[in-house]
Amino acid sequence: MTFFVQGLSIHEQMPFGRVFKKSAVKETDAVDAIHGLDETEHRNDPVKHGQQHDAAQAYQSIKHVPRTPNVVLAEHIMTSPVVTLDPQATTSKALTLFRSSQLRHLPVVSSTGELVGIVSERDVLRHLAGITESYQQLAEAHKVKRVTDVMQSPVLTASGDTDVRYVARLFVEQRIGALPIITEGVIAGIITRSDVLKAVMRHFVLELWA
């Protein structure tokens, strides 16, 4: 499981600690028992002793039940092959491709196969309308023409062996809508929020937190 940041002039591996937020749950100190267990009392009371014995047996039986790991990896749910855009593509062409493919995010890939950015349908629509990210109106002369003007770059990516639970956590913490999956420096697939939800429906025993 590896995370990278990729863009026009960057390809950097991201340490786990920089990708995810630190847990808000803090480790607590040990607490001394106020009233210890009186084993003599339990042995002298047949009912309590029997309950304790049954509980111990139940715990041991559960402890030895074989557990099947329900780990779903990014490569299991990603969409592949990936519909991409050329860096020289116009925003009008991008919008046409969004409509025909019914996709919401398109990676921007260079002629050498390198991921240089990602563009969303919302970004294209906003800029075609002449609206900036701060919702200010652009002058006609300053309206963007190419996807490189509206794409997000650099892009956070992950390897195919990434646990889907971490992908879901990324979507929440980093507020992203899609995650390109990279294999040997080349985009091999892409995962969206919808893919994660479908994975939860198919693998309903999937634990939500890694």
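Scope of this entry: the structure provided in the associated data block. (Residues numbered from 1 in each chain as written. Predicted model: local features only at pLDDT ≥ 70, side-chain atom pairs only at ≥ 80, totals over all residues. Heavy atoms only, no water.)

1. Topic: the overall build of the protein
- Along its length, the protein carries eight helices and seven strands.
- The buried share among the 210 residues of the protein stands at 35%. (Helix = DSSP H or I, 4+ residues; strand = E, 2+ residues; numbered from the N terminus. Buried < 20%, exposed > 50% of the residue type's maximum accessible area, 1.4 Å probe, protein only.)

2. Details of the environment of Met14
- Within the secondary structure, Met14 is located in strand β2 (residues 11-14).
- Residue class for Met14 comes out buried when judged on its relative accessible area of 13%.
- Put simply, Met14 and Thr157 are 143 residues apart on the chain and 9.4 Å apart in space, counted from C-alpha to C-alpha.
- Setting aside residues up to four positions removed in sequence, Met14 forms contacts with Phe3, Phe4, Val5, Val19 and Leu156. (Contact = heavy atoms within 4.5 Å.)

3. Topic: the packing of helix α5 (residues 91-101) against helix α6 (residues 121-128)
- Two elements in contact, α5 and α6, have axes separated by 10 Å at closest approach and are oriented at 135°. In terms of axis orientation, α5 runs oblique to α6. As for how α5 packs across α6, the hand of that crossing is left-handed. Of the residues in α6, those touching α5 at Thr91, Ala94, Leu95 and Phe98 are Glu121, Val124, Leu125 and Leu128.
- Looking at side-chain class alone, the contact of α5 with α6 contains six nonpolar, one polar and one charged residues. (Axes fitted to C-alpha atoms, helices over the stretch in contact; angles between N-to-C directions. Parallel < 35°, antiparallel > 145°, perpendicular 65-115°, else oblique. Left-handed = near helix turned anticlockwise from the far one by under 90°. Nonpolar A, V, L, I, M, F, W, Y, C, P; charged D, E, K, R; others polar.)

4. Some points on the pairing of strand β7 (residues 186-192)
- With six bridges joining them, strand β6 (residues 178-183) and β7 adopt antiparallel strand pairing. Paired with Ile182 across the strands is Ile187, a residue of β7.
- Between β6 and β7, which follow one another and run antiparallel, lie two residues, and Glu184 among them has a positive phi close to 50°. (Pairing = 2+ DSSP bridges.)

5. Describing unusual backbone geometry
- Across the junction of Ser80 and Pro81, the peptide omega takes the value 0°, indicating a cis bond.
- Note on placement: Pro81 falls in the loop between α4 (74-77) and α5.
- The amide bond that connects Ser153 to the next residue, Pro154, takes the cis arrangement and shows omega of 5°.
- Inspection of the secondary structure assignment puts Pro154 in the loop between α6 and β5 (155-159).
- Positive phi, close to 60°, is recorded for Gln102, a residue that is not glycine.
- Among the secondary structure elements, Gln102 is positioned in the loop between α5 and β3 (105-109).
- Although it is not a glycine, Glu184 adopts a positive phi angle of roughly 50°.
- With respect to the helices and strands, Glu184 occurs in the loop between β6 and β7.
- Its relative accessible area of 80% is what places Glu184 among the exposed residues.

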